[in-house]
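A closer look at the structure
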Amino acid sequence: MLYCAIIGDMVRSRQITDRQFVQRQFLAMAAEASRLYAPAIESPFTVTIGDEFQVLLKTIDSAPQIVEHVVQTMKPVELVFGLGIGTIHTDINPRLAIGMDGPAFHLAREALTQAKKKKPKIVYRSDAAAIDMVNSLNCFIETCEERRTKRQQAVLQYLQQGYTQAAIAGQLGIRQQSVHDIINAAYVPEIKQAKQAIARYLASIQQTGQLVSRSQ
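The model shown is predicted, which means the values in this text are computed figures rather than measured ones.

Our focus in this paragraph is the pattern of salt bridges. Counting across every chain of the model gives five salt bridges. Put simply, Asp9 and Lys116 hold a salt bridge, and the shortest N to O gap is 3.1 Å. Separated by 107 residues along the polypeptide, Asp9 in strand β1 (residues 3-10) and Lys116 in helix α3 (residues 103-117) bring together distant segments of the chain. Classification of Lys116 as partly exposed rests on a relative accessible area of 48%.

A few words now on helix α4 (residues 131-146). In this model, α4 (16 residues) spans 23 Å end to end at C-alpha, consistent with the 22 Å of a helix rising 1.5 Å per residue. Considering only its buried residues, α4 is in contact with β4 (79-86), β5 (122-125) and α8 (188-208).

For the bond running from Lys75 to Pro76, omega is 5°, close enough to zero to count as cis. Mapping Pro76 onto the fold places it in the loop between α2 (63-74) and β4. Omega for the peptide link from Lys119 to Pro120 comes to -10°, which places this bond in the cis form. Notably, Tyr187 is not glycine yet its phi reads approximately 60°, a positive angle. Among the secondary structure elements, Tyr187 is positioned in the loop between α7 (176-185) and α8.

Counting residues in hydrophobic clusters, the biggest one holds 40 residues, and the most contacted among them are Ile6, Phe45, Phe53 and Met74. Of all elements in the fold, only β1, α1 (19-36), β2 (41-49), β3 (52-57), α2, β4, α4 and α8 reach the threshold of two or more residues within this core. In terms of residue count, the dominant contributor to this core is α8 (six residues). Each residue touching Phe53, except ones within four places of it in the same chain, is listed here: Ile6, Ile7, Gly8, Phe26, Met29, Phe45, Thr46, Val47, Thr48, Val70, Leu79 and Phe81. If you look at the next biggest cluster of nonpolar residues, it comprises 16 residues, including Ile7, Ile88, Ala108 and Ala111.

Overall, the prediction assigns the protein a mean pLDDT of 90, with 94% of residues at 70 or greater. When the criterion is pLDDT under 50, residues 212-216 qualifies, and its contacts beyond four places in sequence or with other chains add up to eleven contacts.

Turning our eyes to something else, we now look at the packing of aromatic side chains. If you walk through the whole model with that rule in mind, you get four aromatic pairs. For the ring pair Phe45 and Phe53, a centre distance of 5.1 Å and an interplane angle of 35° mean the geometry is tilted. Classification of Phe53 by relative accessible area gives buried; the value is 1%. Where Phe53 meets Phe81, the ring centres are 6.3 Å apart and the plane angle is 65°; that geometry is what we call edge-to-face. With Phe53 in strand β3 and Phe81 in strand β4, the pair connects residues that are 28 residues apart, well separated along the chain. Overall, the relative accessible area of 1% leaves Phe81 in the buried class. Grouped by ring-pair contacts, the aromatic residues Phe26, Phe45, Phe53 and Phe81 constitute a single cluster.

Conventions we followed
Residues numbered from 1 in each chain as written. Predicted model: local features only at pLDDT ≥ 70, side-chain atom pairs only at ≥ 80, totals over all residues. Heavy atoms only, no water. Salt bridge = Lys/Arg side-chain N within 4 Å of Asp/Glu carboxyl O. Helix = DSSP H or I, 4+ residues; strand = E, 2+ residues; numbered from the N terminus. Buried < 20%, exposed > 50% of the residue type's maximum accessible area, 1.4 Å probe, protein only. Expected span 1.5 Å × (residues − 1). Contact = heavy atoms within 4.5 Å. Core = buried A, V, L, I, M, F, W, Y, C linked by side-chain atoms within 4.5 Å. pLDDT = per-residue confidence, 0-100. Phe/Tyr/Trp six-rings, centres within 6.5 Å; stacked < 30°, edge-to-face > 60°.

If you want it as structure tokens, here you go:
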């Protein structure tokens, strides 16, 4: 059976002013995510060292949504993620995501090392033939999001809260067409398509239950 191991790590955690508060936030995030995504999780979020967590998923295509939840919950704290898709060679620990071994965790650790060095901040590793496509799409998404203006960020924040374009226009005192243009200029449709492509590919790995080697 294939699993997805996720290792997340805070960026420049030693430079955080109120580390005690962030640590509490980190622990609360781990507990909440384990509860919210329980059906997808084989071994729950576990803070392994002060600034790092691990989790093992049995539903591979849930990984992007879970990573997004962590990113949004921990803002403005920045994290990097390594995700490894593969098998587990030891018994599964259903209480803590520690004490297990196998390619999934090895690949996740390799991916995290890469994420710490350069873009993207979310890196996947596996023997799957098209995994580089996933990382390229993540790099595209990250670059688009980094280039957003403050006005674009404000509009998208309202959008995420469930506001309609008309309601956002009213809040900001601009025309609805302007809101529409701002959304398009922020590459929202393109990012949505990229995320859907990633989810579809991960789902295909889950459905086949096996990886297609790069060498094939």
